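Structure assessment
Okay, here's what each chain looks like letter by letter:
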Amino acid sequence: MDTNFFQLGEDSPLSRIKSYFDALQNSADEYLFAIDPSAGQVMLSKNFLRDFNFPDTLVEDFAALLTPFVWHDDREILEGAFEELNSAAPGVEVYGEFRLLNRDGEYGWVTLRMTAGADEFGQPELVAGVIARMDVKQKADYVTGLLNRNAFQVALMKELNSSPDAHGAVILIGLDNFQLINETYGFEFGDNALRQLAQDITNILPPDIRLYKLDNDMFAFFVSEVYPEEIEIIFSSIQLCMREIRNIDDTIYCTASAGAAFYPDDADDVITLTRYAEVALEFARQKGKDQVAFFDSAFYDRWRYDLGMQNLMQNSIARGCEDFFLCYQPQVDAKTGKLVGAEALLRWYDRDGSVVAPMQFIPLLEKSRMIIPVGHWIIENAVKTAKKWHEFMPEFEVSVNISLYQLEEHAFYDFVKDCLDRHQIDPRRVVFELTESHNVYDWDYVNKQFQAFHDLGIKISMDDFGMGYSNLGFLKNFRCNQIKIDRVFVEDVLNSEYDRQLIKHVVMLCHAVGMEVVIEGVEDEATYIYLRDVCGVDIIQGFYFGYPETEDVFAKRFAN
Ligand code: C2E
Ligand code: MG
Ligand code: MG
C-alpha cells in the first residue's frame, strides 16, 4: 500500500482544525476525514482504525488507501467520486455508495459524502468528508423527525419489561386517504401533511407520551394504565386536528383511523402487540374509517382466513385463473317462457375442492384489485361460450357482472373491444350487469367508459335495482338499457299487494323510457304468473327456471 506516515505541519490547514476534528470524532458514529489537497495529506477519525484495517489516522492518498478495501465492482464508483471532487466547485457535495471491507472480513454498504471548502481566494483548501455505514439502523423518520419503528420497539420493550404487571395499550394511527393525497397533490404535499400532523398529534398527547412514526403514513404511541374510553377521548381530539391539512394554495380534508391492542390482555410481546394494533386499525378501516377500533380476535380470525384465501386466489390467477369457473343461469322471456340468455356467475374452488360462492370472494378480489385480471378472464370465457351457443341460438344474450370498479381500469375498453372482435361476436348479444362496488374513485372516468361501451352497442343493465347505489339517481346519470329488480322485491309478491304495485309501477316507468325489466329470484310458478300477468316484467331469472349450471350442463338445454 502506497501510504507514508507523517506529522502535520505546524500551520497546515489540517493542524488548524485538529482540535475541532478530535472533539467531533468523539461524538460521531460516522467515519470522518479531512483532506488537505495542496499538501496531499489526510486526517482520519480513530474509528476507521477500530473498524477497518487502515494503517494510521494520518495518511497521504485517501483514494489509493480506500481502493483495496472496496468491493471490486464498486471501485469505479469510488474513482468517479474522487474525479468529481477534483472538478467540483467549492461547497458542492460529492456522493457515492459502495461496499467496504471491514476488520471482520465482511463487505458492508457505506455512503461517502465529501465537500471541498475554499480559502479566501476561492481556491479549494480543505475537503471535509463522512463515510457512514448503511446498516447502522436509523432511529428517526426522515420526513417528520419523529423516532421510527426501531425506536418504538425498543421503548415498548422497556415498558413491557418495566414491571411484571405492566398494563396499557399500543395505539396506531393511520391516515385514511394518504395514498390518494400523494397521488393527487404530489409527495411534497404528502410529506408536508405528515409533518403537520406529527406536530399536531404531539401537541395533543400528554407530555409523557411520545409519538413515533412507523412506515409510510402510520403513527404510533403507547399509554400505560389506560381504559378504552380514555383512548376514545384521545382519538377524538386527534380527529379534530385531522380535518384540515393546509398547503400554500390548498386546504384538503383528511381523516384518520386508529387501532388499539392492550397489554397484557391481547398480547405481551412487542411484535404481537404491534401486529394486533395493526389488525385493529384494519378493522377500523373496514368499519368505514374515521374511527378507532380495538383488537378483536373474531375479526382477526376472519381477517386471516381472508388473507389466506386472497393468497390462494393470487396463485390461481398466476396460473391463468385455474381454480375459477363460470356457471350460467337461464333467463327466459316472461311471456313465452322461452330461453333468451344466461347470466354468467363466477365460482371458485377452495383448496379442499369445495365451491366458494362469489359473495365470499368478490369483495376480496375488488379490494386487492385482482378483479381486474379475473374480470378479463370472465369476459373472455363468457364471450367464447356465447359464441359457441350462437350456433344453436343466434339471438342468445350473455350477461356478465361488471363491478363499477372495473370501469376505472383504463385498458378495459380496448380489452373488451379486442375480445369481441377476436370471437366475432355481435356486441348487442353481450350484456354488462353493473354491480355495486366499493372504492370507486374516478366517477368521471367510469362515466366515460360507460358511454363508450354503450356506443359500442353492448347492452347495459343495472343490477340489484332498488338496493344500494342502484337507484333512480344513478339512472339519471347513466342511461341503461335494462334494469334487474333485486330478489328482495320478489320474496313477498304473493302476499303483498304493496310489493306488486311497487314492481308494476317500476316496470311502467322503465317501459316509458324504453328500458327492459328483468326480475331475479323467481322460485315458484305462482310468483312467475303474477310477475308476468300483473306486473308485466320482460325477462325472468330464478330457480324456478333453472339454477346456475356449469357450461356443459347448461349446453344440454340446447339439445331440447
Ligand atoms: P347478482 O348478479 O345479483 O346475481 C344473482 C344472484 O342471485 C346469484 O347468486 C344467483 O345464483 C342468485 N339467484 C338467482 N336466482 C335465484 C333464486 O331464484 N333464488 C335465490 N335464492 N337466489 C337466486 P350468486 O351466484 O351467489 O352471485 C351473487 C353475486 O355475486 C351476484 O349477484 C354478483 O353481484 C356477484 N357476482 C357473481 N359473479 C360475478 C362476476 O363474474 N363478476 C362480478 N363482478 N360479480 C359477480
Ligand atoms: Mg348480476
Ligand atoms: Mg342481482
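In this report, the structure presented in the accompanying data block is examined.

The rules behind these values
Residues numbered from 1 in each chain as written. Chains lettered and ligands numbered in written order. Predicted model: local features only at pLDDT ≥ 70, side-chain atom pairs only at ≥ 80, totals over all residues. Heavy atoms only, no water. Helix = DSSP H or I, 4+ residues; strand = E, 2+ residues; numbered from the N terminus. Expected span 1.5 Å × (residues − 1). Buried < 20%, exposed > 50% of the residue type's maximum accessible area, 1.4 Å probe, protein only. Arc of directions from axis to C-beta. Contact = heavy atoms within 4.5 Å. Near = heavy atom within 4 Å. Polar contact = N/O pair within 3.5 Å; in protein donor to acceptor, adjacent residues only side chain to side chain. Areas by Shrake-Rupley, 256 points an atom, 1.4 Å probe, with all protein chains shown as cover. Nonpolar A, V, L, I, M, F, W, Y, C, P; charged D, E, K, R; others polar. Axes fitted to C-alpha atoms, helices over the stretch in contact; angles between N-to-C directions. Parallel < 35°, antiparallel > 145°, perpendicular 65-115°, else oblique. Left-handed = near helix turned anticlockwise from the far one by under 90°. Donors = N, O, S within 2.8 Å, 3.2 Å for Na, K, Ca; no water.

In this model, helix 14 (residues 443–456) (14 residues) spans 20 Å end to end at C-alpha, consistent with the 20 Å of a helix rising 1.5 Å per residue. For helix 14, the full list of buried residues reads Y445, V446, Q449, F450 and F453. The arc that holds the buried residues of helix 14, viewed along the axis, is 140°, so those residues lie on one side. Exposed and facing more than 90 degrees away from the buried side of helix 14 are D444, K448 and D455. Where helix 14 is buried, its residues contact helix 13 (412–422), strand 18 (430–435) and strand 19 (459–465). Downstream of helix 14 by a residue or two, G457 has a phi angle that is positive, lying close to 110°.

In this section: the site of ligand 1. The full set close to ligand 1 counts 24 residues, and E343, N401, D463, E523 and F543 are the nearest of them. Taking S403, its side chain carries an N or O atom lying 3.2 Å from a nitrogen atom of ligand 1. One of the side-chain nitrogen or oxygen atoms of R487 is found 3.0 Å away from an oxygen atom of ligand 1. Surface burial for ligand 1 is 87%, taken as the share of its 790 Å² of free accessible area covered by protein chains. Mapped by element, the contributors of at least two residues to the shell around ligand 1 are strand 15 (339–349), helix 11 (358–367), strand 17 (397–403), strand 18 and strand 19. At 4 residues, the largest contribution of residues to the shell around ligand 1 is made by strand 15. Here the shell around ligand 1 is composed, by residue class, of 9 nonpolar, 7 polar and 8 charged.

The contact between helix 16 (residues 497–512) and helix 17 (residues 525–535) brings their axes to 10 Å, and the two run at 50°. By the criterion of interaxial angle, the relationship of helix 16 to helix 17 is oblique. Handedness of the helix 16/helix 17 crossing: right-handed. Here R500, I503, K504 and V507 of helix 16 lie close against helix 17, whose contacting residues are Y530, L531, V534 and C535. Classifying every residue of the contact of helix 16 with helix 17 by side-chain character gives 6 nonpolar, no polar and 2 charged.

All of the protein donors around the magnesium ion (ligand 2) are E343 (OE), N401 (OD1), E433 (OE) and D463 (OD); their distances to the metal are 2.0 to 2.2 Å. Mapping the donors of the magnesium ion (ligand 2) onto the primary sequence gives the spacing E-x57-N-x31-E-x29-D. Metal-to-metal, the separation of the magnesium ion (ligand 2) and the magnesium ion (ligand 3) is 4.2 Å; D463 coordinates the two. Residue E343 is located in strand 15, and its partner D463 is located in strand 19; the two are separated by 120 residues in the primary sequence.

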